[in-house]
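Breakdown of the fold
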Amino acid sequence: MFDILICTTTQKHIIFFPCLVDFEMRRDDSIPAIATQLRYAQLCRKHLEEKGILDTRFRLQKLADATVALPVLSARVPELTLGVLQHSVAPGSTCTITHIQSPVPSKKSSVRSSQQQLEEALRGLVELRGEVWSEELGRDLPQSWKRHGDLAILGEATFRQPVWKILEPELWETVASTLGVKRVARMGRVSTDGFRTPTVTLLRGQGGWVQHVDNGIRYEFDVTKCMFSSGNITEKLRIASFNCSGETVVDLYAGICPCRYIS
């Protein structure tokens, strides 16, 4: 049970009346919501979203009486003032408390990022092997990676916790499957050998040769010996405009620099 304020208005000011409403989660899968007429739904939705009260995990739902139910967060229900919605946000509207039965997830909440999918997959592997998932393991996962064809290169500062070693080789098989690649590698520090040779360790799969398509140009190189630079787009597009059918164009460059020699 929560104490909330239901308000009405006079000509000069708003009067609040305390009211008790049962917003405890029911035993079914229903969630609290605000019901209003269809023509006022978007005004109320915008207001609730700005106030952080709208539960964006679920879709708005049309009810049998032709009103629209806007899902709200249970923890924020005590902050609801129906009078503000009815008289200030959407004048002329009628707003009531209701519940949405079997709420439908919103499109946004249904789409999981690659990072979320990777964490879920690895959490499952950790627990399957009898280990305990922790926040430290979550922070040890890559937030981004480079993909060249069927090979993904992870950053150096990832998978440093000792437990990951125990999970090999299933660990890298899971990473590859989740990222949709066949080979997985990890980037180390760039060598100070005068050529800026990359230090790349293959974790799954064989061979460092990859194909990478950028701005319509297909590059082939060995990730253990070369680094790919996405810069100098103007020159790349100029070369891409050449009629090079049946020819091989060699991009001769040393390290990462703005100067290129094309032969």
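This report concerns the structure included in the present document. Remember, predicted model here, so these are calculated numbers, not experimental data. (Residues numbered from 1 in each chain as written. Predicted model: local features only at pLDDT ≥ 70, side-chain atom pairs only at ≥ 80, totals over all residues. Heavy atoms only, no water.)

**Description of the overall build of the protein**
Counting its secondary structure elements, the protein contains eight helices and 14 strands. Out of the 263 residues in the protein, the part that is buried amounts to 35%. When contacts within the protein are restricted to residue pairs at least 6 apart in sequence, long-range pairs at least 24 apart make up 55% of them. Carbon together with sulfur atoms contributes 53% to the accessible area of the protein, which is approximately 16300 Å² in total. (Helix = DSSP H or I, 4+ residues; strand = E, 2+ residues; numbered from the N terminus. Buried < 20%, exposed > 50% of the residue type's maximum accessible area, 1.4 Å probe, protein only. Contact = heavy atoms within 4.5 Å. Areas by Shrake-Rupley, 256 points an atom, 1.4 Å probe, with all protein chains shown as cover.)

**Thoughts on the nonpolar core**
Membership of the largest hydrophobic core comes to 20 residues, with the highest contact counts inside it found for L122, F159, W164, L171 and V175. Mapped onto this core, the elements with two or more residues apiece are α4 (114–128), β8 (151–154), α6 (162–167) and α7 (170–179). Tallying contributions element by element places α7 first for this core, with five residues. L171 has contacts with L122, L125, F159 and W164, leaving out every residue within four places of it along the chain. Listed in part, the 17 residues of the second largest apolar core include I34, V68, L80 and C95. (Core = buried A, V, L, I, M, F, W, Y, C linked by side-chain atoms within 4.5 Å.)

**Here's the deal with the pattern of salt bridges**
Tallied over the full model, the rule gives eleven salt bridges. The partner of D150 in a salt bridge is R183, and the shortest N-O contact between them spans 2.7 Å. Placement of the pair is D150 in the loop between β7 (145–148) and β8 and R183 in strand β9 (residues 183–187), with a sequence separation of 33 residues. On the accessibility criterion, D150 (29% relative accessible area) is partly exposed. Residues joined by salt bridges that share partners form a network here, namely E135, E136 and R139. (Salt bridge = Lys/Arg side-chain N within 4 Å of Asp/Glu carboxyl O.)

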